[in-house]
Amino acid sequence: MTLTADAFTGSLLAVEGITDAIVLLNGPTGCKFYHSHISDCQYQRASSFDPLGFTEEFYFGQPRVPCTYLEGEDYIAGSTEKLRRILSSIASKNDDLLVVVNSPGASLIGDDLKQFIDSANLSKRCLAIENAGYSSPVCEGFEQTVIEILKWMDLEGKNSSSITGKVNLVGISLYNSNWDSTADELRRILSFLNIDVETVLCAGTSIEELQISTSVACNIVVFPEYGLKIAKWYEEQFGIPYILSPMGAPVGYDATEMWIKSVASFMSVDPSQAIEILRKERKRNYHKTSRFHSLTGLPKGATFAINGDSSVVLPLTKWLYEYLGMAPVGVSTLPGGCSETETQIIDFLGKIGFSDSWKSFNDGEQVDVVLSDGHTIKMMHEKRLCRAAIEIAMPSSGYINFLPRTYVGVNGALFLLEEIFNGLRRMP
Amino acid sequence: MIQIAIYGKGGIGKSTISANISAALGDKGKRVLQVGCDPKHDSTRLLLEGEPIPTVLAYIRDTFPEQRKLDDILFQGYANVVCVEAGGPEPGVGCAGRGILSTFKVLEDLGIDRIPFDVKLYDVLGDVVCGGFAVPIRKEYADAVYIVTSGEYMALYAANNILRGICNFDNTSSRVAGIIHNSRGMEHENEKVRIFADSVGLPVITSIPRTEIFAEAEKEGSTVIQRYPRSVPAFLFNQLADHIEQISNGTASLFSANPLTNEEMEIIVLGRDQDLHQNKRHSSSNKKSFHYEIPKIKQGFSVNKKSHFFTKNVKNKQPLQGCSFAGAVTVTSRITDALTIVHGPRSCAHIASHFLNNSLLNASSRYGIIPSGTEGKTLVSTDMDDKSFIFGGLDNLILCLEEACMKGWYTIFIVTTCPSGLIGDNIEHAVSRVEQKFPHTNIIPIEVDGNLAGDFSQGLVEGYKVISNIIDSSIKAEDCLVNIIGEKTLSDNLNSNFIIIKELLDSIGVRVNCRFLSTTTVNDIRNFRRASLNILAHNDDSGMVLKKLIDSKTGMEFFGLPFPIGFNETAEWLELLAERFDMEAEAWKLIEKQKRLYYKEIEDLRPVLKGKRVLISSFCLNLDWIIDMLMDLGMELVKVGLIASSYDDFRTKYIGILPMEYDYTAEKRQIDIETLNLDLVLSNYPPIMSNDGVHHDAIPFSPDVGFSSGLVMARRWGMIMRLPVVEGWKRDGVDCS
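Residues numbered from 1 in each chain as written. Chains lettered and ligands numbered in written order. Predicted model: local features only at pLDDT ≥ 70, side-chain atom pairs only at ≥ 80, totals over all residues. Heavy atoms only, no water.

**Here's the deal with the packing of aromatic side chains**
All names here are of chain A. Scanning the entire structure with this criterion turns up 31 aromatic pairs over all chains. For the pair Phe33 and Phe60, a centre-to-centre distance of 6.4 Å together with 80° between the ring planes defines the contact as edge-to-face. Here Phe33, found in helix H2 (residues 29–42), pairs with Phe60, found in the loop between H2 and helix H3 (72–77); they are 27 residues apart in sequence, far enough to count as distant. For the ring pair Tyr234 and Phe238, a centre distance of 6.0 Å and an interplane angle of 45° mean the geometry is tilted. One end of the pair, Tyr234, and the other, Phe238, are both in helix H10 (residues 224–238), 4 residues apart, so they sit about a helical turn from each other. Classification of Tyr234 by relative accessible area gives buried; the value is 0%. (Phe/Tyr/Trp six-rings, centres within 6.5 Å; stacked < 30°, edge-to-face > 60°. Helix = DSSP H or I, 4+ residues; strand = E, 2+ residues; numbered from the N terminus. Buried < 20%, exposed > 50% of the residue type's maximum accessible area, 1.4 Å probe, protein only.)

**A few points about the domain arrangement of chain A**
As assigned here, chain A comprises domain 1 (7–152), domain 2 (160–248) and domain 3 (273–424). Computed from C-alpha atoms alone, the centre-to-centre distance between domain 1 of chain A and domain 3 of chain A is 36 Å. (Domains from an automatic or database assignment.)

**Quick notes on the sheet that holds strand E9 (residues 339–343) of chain B**
Working definition: the strands of a sheet are paired by backbone hydrogen bonds and lie parallel or antiparallel to each other. All names here are of chain B. Reading across from one edge, E10-E9-E11-E12 is the order of the 4 strands in this open sheet, with parallel pairing throughout. At either margin of the open sheet sits one strand with a lone partner, and together these are strand E10 (379–381) and strand E12 (442–446). Averaged over all pairs of adjacent strands, the angle between their axes in this sheet comes to 25°, without regard to strand direction. The pairing of strand E11 (residues 411–416) with E12 spans 5 bridges and is parallel. Paired with Ile414 across the bridge in E12 is Pro445. Relative to the sheet, helix H13 (residues 324–332) contacts E9, E10, E11 and E12, its axis offset from that of E11 by approximately 165°. (Pairing = 2+ DSSP bridges. Axes fitted to C-alpha atoms, helices over the stretch in contact; angles between N-to-C directions. Contact = heavy atoms within 4.5 Å.)

**Description of helix H26 (residues 666–675) of chain B**
Residues and elements named next belong to chain B. Within H26, burial applies to Arg669, Asp672 and Ile673. For H26, the angular spread of buried residues about the axis comes to 100°, placing them on one side. Of the exposed residues in H26, the ones pointing more than 90 degrees away from its buried face are Glu667, Ile671, Glu674 and Thr675. On its buried side, H26 packs onto strand E16 (613–618), strand E17 (636–642), strand E19 (680–683) and strand E20 (695–698). A positive backbone phi angle near 50° is found at Asn677, which sits one or two residues after H26. (Arc of directions from axis to C-beta.)

**Quick word on the interface of chain A and chain B**
Where interface size is quoted, it is often the accessible area lost as the parts come together. In this assembly, 53 residues from chain A lie in contact with 60 residues from chain B. Buried surface at the junction of chain A and chain B, summed over both partners, amounts to about 4800 Å²; 58% is from carbon and sulfur atoms. Taken as a group, A:Leu3, A:Leu52 and A:Leu108 account for 15% of the area that chain A buries against chain B, more than any other trio of residues on that side. With a shortest N-O distance of 3.1 Å, A:Asp363 and B:Lys377 are connected by a salt bridge. Summed over the shared surface of chain A and chain B, the number is 17 residue pairs in polar contact (both at pLDDT 80 or more). Broken down by secondary-structure element, the contributors of at least two residues to the side of chain A that touches chain B are H2, H3, helix H5 (104–109), helix H6 (113–119) and helix H15 (374–382) of chain A. Ranked by the residues each element gives to the side of chain A that touches chain B, the list is headed by H2(A), at 7 residues. (Buried area = accessible area lost by both parts, 1.4 Å probe. Salt bridge = Lys/Arg side-chain N within 4 Å of Asp/Glu carboxyl O. Polar contact = N/O pair within 3.5 Å; in protein donor to acceptor, adjacent residues only side chain to side chain.)

**Section: the pairing of strand E15 (residues 533–536) of chain B**
All names here are of chain B. Of the two faces of E15, both are covered, the one formed by Leu533 and Ile535 as well as the one formed by Asn534 and Leu536. Two strands pair when backbone bridges link them, and strand E13 (residues 481–485) and E15 are joined in this way by 4 bridges, in the parallel orientation. The residue bridging Asn483 from the neighbouring strand is Asn534, located in E15.

**Describing the pattern of salt bridges**
If charged atoms from side chains of opposite charge come close, those side chains can pair. Scanning the model with the defined rule gives 48 salt bridges over all chains in all. Measuring nitrogen to oxygen at the nearest pair gives 2.5 Å for the salt bridge that ties A:Arg85 to A:Glu57. Of the two residues, A:Arg85 sits in helix H4 (residues 80–91) while A:Glu57 sits in the loop between H2 and H3, which places them 28 residues apart along the sequence. By relative accessible area, A:Arg85 is classed as partly exposed at 31%. Given the relative accessible area of 35%, A:Glu57 is considered partly exposed. Between B:Lys120 and B:Asp113 there is a salt bridge whose closest N-O contact spans 3.2 Å.

This is the structure:
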């Protein structure tokens, strides 16, 4: 299995999720190359990879994440000179928000980043994250940095009880697989409830959208690992309540329906149109399922192994078991999972007689369907260890999507079914 | 509220003075917080009846973040002074400066700012040794800084260093309150302190006399304020407390930091004669430098052998491209029966595994080379976090090593990252501890410390260097066995290229003994010397350094040519190699067969490509195989533009024959496209738009080896010439960046 990213990546990608912000990495090029690459893969903003397009100092031939290229002497003497130069150089490019993030090594130097920012007269458009929380889960770094940025922005509070029909989607990061399709699908579902999404925190989001993020009736937490703390912060600071669906993220028919109902109930709107659409899709696809089943007996009895964020693993495990009759032979969660959700997963597995499957995801064993990060699923697929391989976490397999694809919401459920059924038609 | 930092040399009495000031302020009804920032955590002891309190750093080490509470680390002492001790690592391990940074962060996160203190007082270790210990003098913390000193030179030297530290943080505003003279009872001590103070433009706020009552009070675990409230020192501490109040309400002045130079310190404080000093300074340049004639017999040992194995960027002190850590891991992770432990934060291990897995996956999907069972699975991380940064990461490393040993790994590499290097973890200590328990396990540290040893290429070399120690020098060479050295381990075509090379070698009856290193076992490395010849895969800078390294270790023969690309190179490579092993006949047979195929296809492609004008713009400096192809097809190569590369030196047989331009840029390329009447431009990154009627195609960074690499390209060019110059999709991006 791939070694997961940590809070450092979460922090850098939180900034890169803001359309008019630039992350300045105070660290070596070794940390820079990867993060510029990931940022560019997840949120493409430049047409070309050609290093000749990015020859200026601090960029090292890449379009994103300029860095101070810390080296031996800088660790002893501090990165003063390079920090001074990078701040003035990047600041002169445009008016984007600048966020300086220390690499693990740089955080040991103890440079006073705030002082550099102040002395460069940039305190009104630049802030520093001195310690992104190394080796802690990627979602922690994301949340901490989003909150730091929001605090720094000094948002103006609005009376959320007087606002109707507007929400924020909280907890979607560039480090979520197909984050853009996920946000679009949830926007689409919410439009059936006559609810508009004001701001997605924080992926593909502008500073202007962040500024109006307090003008909403509530925050909807999509992936709590990436958003619950942010939502609680809004509640504490501005009294904006949040919605957290009891079944976790809207993955699979049942959890999506529950998610719709939770939102509708909180917002006092009629869920019937959205639920009708979901149920129509279920009906429409019934015959395909039924035909396949009558010929093969599948998907009942097909095995699956899953490893992802706890808020995804819970609804997906339940749905694959209850709706498709599939057997969970390996169930694990990624670091940063919510302990209550994990307890629910353990209880569920215990109830259905699959207790042994907990924490036994094994990427070296044959299984019918694997749902995990892109590297793991692709590796298992290449080694013919599975029939269907579905990406539900980063790093990405590199599959280039032209059609919007997400495992979230109504279309997400259809995507999962399509992958599973067509996978099961293949020999392992 | 006012925040005060008390700085001074270690052992000068800061803690005693801080505690007495806090006590005096407390007696005056002020709400005081005293934060001890010394790893020996005894700053607040006198306020707490001599009792030690749990430190913040021990607390965060032992308590989960969500269970942490401010109440657990704040303690109420004499006169309701609230006491906190930062604590720190054991002497000689971890990073105490990082500890101070973490303490301040934790106090802030737990809401220390919500408690309405009148005075926050930071008692800070020694002089300013690193950024961590400087945290209390950052602007957002200390409003005023007091410097404690005696009349001793080293104490004054430390005081001056503190002023330098303040100067580095803020050289404009005034934040120094003055000097607190803690007397040692030396002769002329007052005068020395006074002279120093005058020289740096600071007042001596008070002089605390040396008296036994400090020791008496300390015996009882209390301050003199508490134990001897009517004593002279108590009177002076009360005055100091008043001074803080005056600063707080703006009736006492603060001063800017104007430190002395080292020379000024010697003249002013030590009273050295200025002229003499100046003479000394000038005369030093005339001093004869020390020279020792090394006896000839020892000269061979005195050379810094390491310097032979430096890659280009490290040698030339160019900005480092990537880090040694990643380079070293790239090498060790290709040994299939060895585990690599990344001693560092998880992000380092993640980044390394990301690129490694990507290359394996691309090799599989693009070339059908399915990863073997353990490939991509031989990497684990010690997950260094803040705790390890402060207290050192050896405990986790030992755990990780023991776990690996118990799982049955017999060869384990430890590759170190920037944090482990910066905090100075003693890796050898961990290794010897674990090897005592698991004597059959070979634990091999590669201490590259992130990028402290250099860049990615240097890391490759460092990895190879350590691994080459496994080679058994007693093994005897066998004929017709070769080693393959220095393949590009992250290339998608790593293994597909090897298969081509292996087929070429098979054709002349030569077998591969050891790939150094790719899909290699420890035993393959041990038996390295079974081969009679080494074949270097690439003769770029890191390849040449590697060659030198292997040569110095084994003295084995190296074949003169790197992996061949295209027909001409492959034919020459095979011919020479066959000659080396007396297998010419077999080689000629294959070459003749390939020659017929090659020229037949050239004839087919000529009608389309002959006479076409071509420009090459490239980062790659091994282009002969492309130029050969162009020549054989009768195409006209107008120019070769070479973009500056830090890795390589340009090597070509066409030097002096073809027009070359160095330091080529995108702008120069555009001008050439507009003026040279070209048909085809070959670049590593072809431009997206082409409004000039010129076709563009890509040059691979890592070309396939063997007879047909050039032909594959030529077939593409033949096809491209018949396709639209600008495909429709490109017009969709005209308004994109």
